[in-house]
Amino acid sequence: MGRSRVAKPIFVGGNAIAVALVTLLELVGCGDDTVVATGSGGLGSGTHVDVGTGATETSAGGDGAETGSRTTLGGSAASGGESSDSEGVEAGTDAGLLPEDFEGMFDGTPTYSRFVRLTHEQWELAVRDLLRLDAAPEIATEFANDPRFSTFSNNEAYLSVSPQLAVDYQEAARTLATRVVDTPDLLALVADGTTDGASFVTIFGRRAFRRPLTDAEETRFLDLFAQGAELIESGDAFADGVHMVIESMLQSPHFLYRTELGPEDERLSGYELAAKVSLAVANTIPSDAMLAAVADGELDTEEGYRQFAQAVLDDPASGRAFQSFYAQLLRLDRGFSAKDSELFPEFTDDLLPALDEADRLFFEHLFVDDLGLRDFLLSPRGYVNEATAPLYDVAVDGPDLRPVEFDAARPGIYTRLGFLARHASSREPEPLRRGITILESTLCSPLPGEPFDPDNTMRQDGQTNREWIESITGEGTCGGVCHVEYINPLGFAFENFDAIGALRETDQGRPVDTSGALRFIDGLQSFADAPELLGLIAESREAHVCYAKHLTEFALARELTSDDMAAAFGLAERSLADASMKTLLHLILSSPSFTTRNGGPQ
Amino acid sequence: MIHKYRTSALLGRRAFLSGTGIATIGLPFLEGIPMRSAWAAGDAPVFGLFMVTALGIVDGSQSSDPAAFWPPETGPLTTVGMQAFAADRCTGLLADHAERLLLVRGVDYPYPNTGDAHAEGFVQSLTASQPVGSNSSALASGPSVDTLIADALHPGTDPLTLYAGMKGGFIDERISFDGSGMLRTAEANPYVVYQRLMGLFPGSGVADRHLGHGKSINDTVLDELNELLARPDLSGADRRRLEQHFEAIRGIETTISSMAAACSDGRLDVAAIEALSEGNAFRRNGAIEEVAKLQVELAAIAFACNATRVATLQCGDAYDGTTYELDGMTLPRFSYIAHRNYSDGSTGSPMPEAVDWHMAIDRIRMGTFRHLIERWLEYTTEAGSLLDHGFALWTNGLADGYSHSFRNVPYIIAGNAGGRLRQGVYIDAGSVTNDRLLNTMMYANGVPTDNAAALGSGEFLEDMLVER
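Visitor: Could you clarify how one ought to interpret the state of the cysteines in this entry?
Guide: The term disulfide refers to a covalent linkage connecting the sulfur atoms of a pair of cysteines. All names here are of chain A. Considering all chains together, one arrives at one disulfide over all chains under this definition. Residue pairing for C444: its cysteine sulfur links by disulfide to C546, the two sulfurs lying 2.0 Å apart. Because the torsion about its S-S bond is 85°, the bridge between C444 and C546 counts as right-handed. Placement of C444 in the loop between α19 (431–442) and α20 (465–473) and of C546 in helix α23 (residues 541–556) is noted, with a sequence separation of 102 residues between them. Here C444 falls in the buried class, since its relative accessible area comes to 11%. Under the relative-accessibility criterion, C546 is labelled buried at 1%.

Below you can see the structure in the form of structure tokens.
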């Protein structure tokens, strides 16, 4: 709202790559009638998009991330650390494209930490795999929670060890160590059958630290092992030593942080790469086989590393991190609002786990079956059981969730109960929430300010939900600018889904109106209903840019720079050409932005 | 798994207490607290709890609303005087403790709302700093008062940061900040807080384990962190991160080794705490006030254990779906009530009963604060109760609930903080910003007036103080 006019491309670092830290609203000038033109670069490409006019010129090289080992997400490795960021910030600020608080820690500047703490979800799975447990121990649910400052919880800048979390780690380490030594079979499993202290330290340390221990570390932990018999006094010296080592290593910074300890601007070590890929994709530490591959030198070449990354992506057990990616993107970690039990007696708390699991299965399907953004938005695949099937008006027996193909009225995730019911009040759909969420998650448009909060006593009897919203946010109101062409049409398209996500045909006794026109970069585009709207979004360039941006941010586990964003445009071109999420991820994992240590003293 | 461990530890502790009869005997609570850091010899320690509630109050600022919160006029507070308006104005529910109260009106948040008023109100409530970021993600641009107090009185030890409510994922905790943008997480489960404190009680938990192998392990972790900190190629951010980790481990060591025999759970309703041990019982909707009551008692124990001199407690975050019961009926979500329609914004159906329900909730919340006063009065030493050694401050992230106003935010303070704060009086600060009130509370908490750290203007509200 009220942004300055921008009428020329903004160039970064002399690469003729436009600063892409602009959002849809900024691009199209929500709040004014500005026509914004900005360039857009692929990964080392010559792509140029005149957003304001919609004219697009794409030269060769739009798929830059795989054009060469020195290509970064956004430029060459050598130029990645250049001053293009500051230039971009300055240019963007001058142009009024960036928020006022862009400078400082909220400006999206990465920390480029050498010590990226495991997320609680990663800690759970790492402990499961390290201690050979059948399932995650579900201890981290009681850890001091990490505040969420950015779109994703894995953002390196915000993962630290607070005093409370240190206590939590300490208690968890003691609990788990006790569990291992009190369970003989588990102890034998964790120790790989050895009963020798030195061997145990070597074996366990390699897994916990994701690399062989140094000689000094071997000595340190063997000494700790030796103290066990005297300090714990269980009568089993080996078990006591194991207890000491497990309890200590689970609190070690080398376990709790994924480290990048090599020189600046150089490629990460094979062990660091294996850990980074494994945690990024599978949310857990590398397996013994992965560590063995590193030891065999398989990651020493670019080609070897790429094959390694592809194998991790293709592992059916992988993809867990990216289920979390989607869930966080749509804020599905938020609870459901209570529904009016008289209006919706069928929507009970018993349904909620099935709705969450259905969404998870959908995301798993997208990853495992090598699908992409269009499928996220348009796939007919859904998962229902006997409890949720009636709400979808389909027939399924049994409590287990089963895959179904919905009809044309329910394409993609935004027509599923999990999304629709979350974004609704107790009695009615909430088109503003639905619209805003889609705008933010799929079109990358953070919105200024809080939603309107006018006096609702002005709502007239008999007004439909849409009429009421239009009366307070439509043309001629103070919120008209951003609402009329962006938020409202996105929300109104789903007005045929009630507060629990079931189909409805009428509101206040009159047919619901799902039609509208959404402003895209190419101009206003009309639609009749949600399927048509989602189809338009799926073919829009801005949705693919947004998707690529989010995917890059999640995979790199940090805020993006202007160079990264320029690179995301290149990924967006691939996504537009129907590249799957895995394909895009492999490009990101293969880029020097992922494989090279960068950052430095600040 | 961790529940299993904690339960067994809890039972062990309770058995110990029963065996010694401590569980049924009220201990002199504040005796023998070790003196530390900024306190000169001979001074008594002062403790402060800042309690921030959500969604504003009904204070009559809307023309159609009754004046249902503040006393009718400023001036001295007496039990008889407050009883006279107790039926209509919820602060009257504190009438029995009139002589221990300091009510302050006329205090505003310094910065107007630019995004989500709930988040920005919480952010400013204890920092008086400009919110940065957008909407529900707004953060403070400076430290909160509890951080400054902790830094001054016991460096290296974090304030106790507590929460009551469900944490719905929209705003969650948002009042305690270590610095610009550095939000401190709050513990919402009283059972977890209790477990941590229990470890400090002599004869059990962490204290004893520490005597065993724990110290060796902590030393190993500290050695590893020291080695990493010695690297010359660390960025400033990484150095701060590792130093924070290092201080956290060392803080555990320090806390354990410095605890005296004064702290115990002798007055705590352990059964109520234990009832919250399973799953998400502490997050059960409708339990927010019950949890808040337990948290303020745990704060008192933390003070006694010298785990901290300052604590915060946030009750709800506005959008978390909290509901209250009134006369056996579960009311709609408090957020809906505060917004006066069946939505978190303005798009729901009208709610004609909203004002009455909001007033009723204000009275329920005032009952919780009265509980705090009455419990803290039970903790006595020769010099008086915990309220004579400290204070509890009750405020809200907003002023008027419906308008989301930042003007005339309510402040109710119980306790004289070692004789520093005036008592038995209701004052009008005259539309000043809350940095002045927070600086005054910092002084009351024991931070010397010449301390370099101060919020905003650095000025005080002298009218709140006996003398300075």
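Visitor: Got a minute to help me understand empty space enclosed by the protein in this structure?
Guide: Sizing a probe to match a water molecule and rolling it over the atoms shows the empty space that remains. All names here are of chain A. Scanning the entire structure with this criterion turns up ten cavities of 30 Å³ or more. Reported here for the largest cavity is a volume of approximately 220 Å³. As for the largest cavity, its lining consists of 21 residues, and the residues nearest its centre are Q122, N154, L279, A280 and A557. When residues of the lining of the largest cavity are traced back to their parent elements, those giving at least two are β7 (115–117), α4 (120–130), α11 (270–282), α14 (320–329) and α23. Estimated volume of the second largest cavity: approximately 130 Å³. In terms of lining residues, the second largest cavity is bounded by 14 residues, among which Y112, E260, K276, L556 and R558 are the most central. When the residues that make up the lining of the second largest cavity are grouped by side-chain class, the tally is four nonpolar, four polar and six charged.

Visitor: Would you mind showing me how to read the interface of chain A and chain B here?
Guide: Frequently, the measure chosen for interface size is the accessible area that the parts lose on association. With 80 residues of chain A in contact, the opposing surface of chain B contributes 74 residues. Of the roughly 6500 Å² buried at the junction of chain A and chain B (both faces included), carbon and sulfur atoms supply 50%. The interface formed by chain A and chain B contains two salt bridges. Measuring nitrogen to oxygen at the nearest pair gives 2.2 Å for the salt bridge that ties E227 of chain B to R220 of chain A. Of all the secondary structure elements, the ones that give two or more residues to the side of chain A that touches chain B are β7, α5 (163–181), α8 (215–232), α9 (237–249), α10 (253–256), α19 and α20 of chain A. Ranked by residue count, the leading element in the side of chain A that touches chain B is α5 of chain A, at ten residues. In the side of chain A that touches chain B, the residues fall into 37 nonpolar, 23 polar and 20 charged.

Visitor: What exactly am I supposed to notice about α20 of chain A here?
Guide: Side chains that are three or four residues apart share a direction in an α-helix, a result of its 3.6 residues per turn. Every buried residue of α20 of chain A is listed here: N465, R466, W468, I469, I472 and T473 of chain A. The buried residues of α20 of chain A occupy one face: seen down the axis, they fall within an arc of 160°.

Reading guide: rules and limits
- Residues numbered from 1 in each chain as written.
- Chains lettered and ligands numbered in written order.
- Predicted model: local features only at pLDDT ≥ 70, side-chain atom pairs only at ≥ 80, totals over all residues.
- Heavy atoms only, no water.
- Disulfide = S-S within 2.5 Å.
- Helix = DSSP H or I, 4+ residues; strand = E, 2+ residues; numbered from the N terminus.
- Buried < 20%, exposed > 50% of the residue type's maximum accessible area, 1.4 Å probe, protein only.
- 1 Å grid on protein atoms, 1.4 Å probe; cavity = no way out; pocket = protein on both sides within 12 Å on 5 of 7 lines; lining within 4 Å.
- Points joined across faces, edges and corners; volume = space filled by probe spheres on them.
- Nonpolar A, V, L, I, M, F, W, Y, C, P; charged D, E, K, R; others polar.
- Contact = heavy atoms within 4.5 Å.
- Buried area = accessible area lost by both parts, 1.4 Å probe.
- Salt bridge = Lys/Arg side-chain N within 4 Å of Asp/Glu carboxyl O.
- Arc of directions from axis to C-beta.

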